[in-house]
Structure formats: structure tokens, C-alpha cells
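One letter stands for each residue in the lines below.
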Amino acid sequence: MSITVRVPTPLQRLTQNQAEVKANGANIKELIEDLEKNFPGIKERICDETGEIRRFMNIYVNEEDVRFLQDDTTPLKDGDEVSMIPAIAGGRQ
Amino acid sequence: MIDRYSRQTLFTDIGEEGQRKLGNSCVVIFGCGALGTIIATSLVRAGVGKIRIIDRDFIEYHNLQRQVLFNEDDIRNQLPKAIAAERHLRKVNSSVDIEGIVADVNFTNIERFIHDAHIILDGLDNFETRYLINDVSLRHKIPWIYGGAISSIGMTMSIFPGETPCFRCLITNPPGRGTIHTCDTAGVISPAPFIIASLQSVEAMKILVRAEEINRDLIVIDVWKGTFDRTKISVNKDCPACQGKYEFLEGDYGLRATSLCGQDAVQVLNPEARTISLEGLAARLKHVGQATYNQFMLRFTVDDYEMVVFPDARAIIKNTNEESLARALYAKYIGT
């Protein structure tokens, strides 16, 4: 099983500058654990202290927002594409 | 004068007809930093009839790296951004009605600024005010264009009330305090906001001339890497704002500032935040000022102000009695 994960720019430092990586997991939660094994530090950028997906981090499975699926228990299958998009506040200053 | 827009009207998707529509339009720009100065410059030069620019800040030297309208004289003259922008832009195009307003936008005053707007543009630096714009846009059915840039990346999305997903469909609630970087903690290189603001400006022109090809995706760019991505965003069926619950406009969310009597300090509360990691905040602030912390509080000094932040996300801003300034400092360094 192999899932393609599109990594947002701010997290690419943790993935050795790769914009796309492969990972495994039966659902989003497992996928994040698998990413953390290969790219230590990435989990705390995606999840908060309680393990929930951070509110400014949007995760899409094949372009569907996981908030409208089953959040971090959204099931994954071979060939799925997962995108992560953190929202940006900064503008001026 | 007749020749002023000739290169723009030669562009057939605008033409004479589009130019007339631009001339009869009113645009409101919230925030006049890197994004706002580019947007305002583009739209004043393009001949939009009326432009209102709202900003609460003064110009500082570290703004000049990317805020193209301002110069060293403006800093010496201690001009607020909104006023400096208005003065410079009047010299660029005297036929445009330009109004610079120095104000801290909040739920009590935002409706005053947008009553005649055909479109609202976002040049802000914080999430809180964007949720406010989102509410006011949906309530008054005025399209708005979100834009944000930090580091080398940026994103933008156009919101058409009742037609497209709104900003709360994209991010339901503001990120927790101190969890995201701002330009004050992560830095920014000018081409990132330049490109985002240019995309916002062209979307505004398209909307105003009622062009057909309007962008409805979330666009994310990275100028350092040279990437340009589009993502389809879905309407959130449970989105409070789309269902007519304007919680930010009603003042249910957002920073609350209270001047502490006789102390030359203001307390800032965030009704929505529960906790903040002082350790995480200290790590982000170490490049911008002096921060020390223990398990009970974090003390941070920047410019003439001292901020004391507590684990419940409450902060006391010392050396000021101005509530709007305290809210601004909170948004800038602790984050909203």
C-alpha cells in the first residue's frame, strides 16, 4: 500500500525538501504516525498537543476535505492522494 | 487624460465598457502593508472610481523592504500608512476618489467602512479581522478576496457570498493563539506578497468588469520554489457563517482589550482561546525581541512595550492605555 502525500512548503524542511512523499496507513491518523517515523517532527506541525489536527491545517484526500469525511479516522486506500494545506495569516507587518 | 487608460482598454476583456465599469466602482481595502500597497497602487492606476483604504498602523523602517508606496520621508513625518497611501496615490491618479482611514477595524465599526463597496480586498495580517470581513461580506452580499503571504509562500481565494465556499468553510475557527507564524516571527520576502496582491488585484478587476473566468479555487504559491497550485475547496455544510450566523460580526469572537485603570497597561483577553504554550511562543519570539518565561508567565519586550502572557492566552500589554494598540500588538506577536 502506498499513499502519496503532498507536503506544504513550510513542512518541506522536515521531508528533506520533498514536495511529495509516499506513506502508509489505513486512515489519516495512521498516515501521520507513519510520516512521523520517517520525518521526525512533522506530527507536531500537523497535530496539536492533544493529537487533534490543528485548526489551520486543512487535509484533503483526493481533493475531499477530511473535515467533511471522518476527520483523522477517514479511511485511506492504495493510490490515494493526501494534500495538506496550512492557512496563512501574515500579510503586512 | 483621455490616453491614461489606453493600454488597458486595448486589452479586449476590459475594453471601453470595462473601463467605465471600473470607473463606477467602489473598492475597500483592509490593511495597507505589502499586500494593500500593491492592491491600492494597481487599482488606483487602473482607474477604479473610489478606493477606501483602512489601516491602523504607522510606517516603520522594516516595512520599506516590501511596502512599495512608502518611503523614508513618510517615516520621518510619522505618517500613518492609510494617510501616506492616500497622499501618494492622489499624485498618481487625481481622478480617483481615494480615502485613507486610520482605524482599528472591529465588529463595532466594520459596517461603516463597507456600505458602498462593490468588492472588499484583504491586505490584513491576522485571522481575526478576516473572519469579520467574511461575516460582513456574507451579510451584505459583497464579494471579497482573501490574500495572505509569509516567508516565500502565499495564498489567495475569492469569496462570492452564496456561490462559493467562504473563509469559514476553509478554516472553521481561528487557529489557536500562538500556533501559527506571522511575518514578525517567520519573515517574508517581498515577491511573495507582490504576487499574491497582483492576483488579488486582477481578480478584483475581473469581478468589477463582470468577466466570466473568475477564479474559484484556493491558489497557493511559493516564489522561492516557483510553484503554483490550485485546490478546490468545498462548501462546509455546517459552516456557521454560510448559515447566516455571523459570530464575529456579533462580537462573539475576537480579542477583548480592557485598559487597566491607572496602570498604563491594557489586558487582552481571547474569549475563544483556552491555552497557549509559553515554550512554543518563546521559541517563536526569540528572533524579534527579548522573551523570558517560566511555567506561569512569559515576559516579552519589544520597542517600548512589555507584554506579559499567561498560559490561558491572556496578556497584559504595558506602557500603553490604547486598547486598539494592545490588540494590534497581541495579534502581531502572539497571533490571532
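Residues numbered from 1 in each chain as written. Chains lettered and ligands numbered in written order. Predicted model: local features only at pLDDT ≥ 70, side-chain atom pairs only at ≥ 80, totals over all residues.

**Some words on the pairing of strand E2 (residues 50-55) of chain B**
Along any regular strand the residues' side chains alternate between the sheet's two faces. Residues and elements named next belong to chain B. Counting buried positions over the six residues of E2 gives five, a clear majority of the element. Pairing of strand E1 (residues 26-30) with E2, which is carried by five bridges, proceeds in the parallel orientation. Opposite Phe30, over in E2, you have Ile54 as the bridge partner. At this point the chain moves from E1, through helix H3 (residues 34-46), to the parallel E2, and the crossover so formed is right-handed. Here six bridges tie E2 to strand E3 (residues 97-102), and the two strands are oriented parallel to one another. Note that in E3 the partner of Ile51 across the bridge is Ile98. (Buried ≥ 20, exposed ≤ 12 C-beta atoms within 10 Å, placed from the backbone. Helix = DSSP H or I, 4+ residues; strand = E, 2+ residues; numbered from the N terminus. Pairing = 2+ DSSP bridges. Right-handed = clockwise from strand over helix to strand, strands pointing away.)

**With respect to the domain arrangement of chain B**
Many analyses report the size of an interface as the accessible area lost when the parts associate. Along its sequence, chain B is organised into domain 1 (6-231) and domain 2 (256-334). The C-alpha centroid of domain 2 of chain B is placed 28 Å from the C-alpha centroid of domain 1 of chain B. (Domains from an automatic or database assignment.)

**Thoughts on helix H11 (residues 278-285) of chain B**
Burial in H11(B) covers these residues: Leu278(B), Leu281(B), Arg284(B) and Leu285(B). Projection of H11(B) onto a plane perpendicular to its axis shows the buried side chains occupying an angular sector of 125°, all on one side. (Arc of directions from axis to C-beta.)

**Observations concerning the packing of H3(B) against helix H5 (residues 81-92) of chain B**
All names here are of chain B. Relative orientation of the contacting elements H3 and H5 amounts to 25°, with a least axis distance of 10 Å. Accordingly, the angle class assigned to the pair H3 and H5 is roughly parallel. Viewed along their axes, H3 and H5 form a crossing whose handedness is right-handed. Residues Thr37, Ala40, Val44 and Arg45 of H3 pack against Ala85, Leu89 and Val92 of H5. Each residue belonging to the contact of H3 with H5 can be placed in one class, and the counts come to five nonpolar, one polar and one charged. (Axes fitted to C-alpha atoms, helices over the stretch in contact; angles between N-to-C directions. Parallel < 35°, antiparallel > 145°, perpendicular 65-115°, else oblique. Left-handed = near helix turned anticlockwise from the far one by under 90°. Contact = placed C-beta atoms within 7 Å. Nonpolar A, V, L, I, M, F, W, Y, C, P; charged D, E, K, R; others polar.)

**Quick look at H3(B)**
Residue and element names in this part refer to chain B. End to end, H3 covers 19 Å across 13 residues, agreeing with the expected 18 Å (1.5 Å per residue, within 8%). Most of H3 is tucked away, with ten of its 13 residues classed as buried. For H3, the set of buried residues is Ala34, Leu35, Gly36, Thr37, Ile38, Ile39, Ala40, Leu43, Val44 and Ala46. Looking at the residues trailing H3, positive phi occurs at Gly47, about 90°. (Expected span 1.5 Å × (residues − 1).)

**Remarks on unusual backbone geometry**
All names here are of chain A. Even without glycine at this site, Asn17 takes up a positive phi of about 65°. Looking at the secondary structure, you find Asn17 in the loop between strand E1 (3-6) and strand E2 (20-23). You can call Asn17 exposed: it has 10 C-beta atoms within 10 Å.

**Overview of the pairing of strand E10 (residues 265-269) of chain B**
Residue and element names in this part refer to chain B. As paired strands, strand E9 (residues 256-260) and E10 are joined by five bridges and run antiparallel to one another. The partner of Thr258 across the bridge, within E10, is Gln267. Between E9 and E10, which follow one another and run antiparallel, lie four residues, and Gly262 among them has a positive phi close to 70°. Strand direction decides the pairing type here: E10 and strand E14 (residues 315-318), joined by four bridges, are antiparallel. Its bridge partner lying in E14, Ala265 is registered against Lys318.

**Observations regarding the environment of Pro75(A)**
Its location among the elements puts Pro75(A) in the loop between strand E4 (64-65) and strand E5 (81-86). When near neighbours in sequence (up to four residues on either side) are disregarded, Pro75(A) contacts Ala26(A) and Asn27(A).

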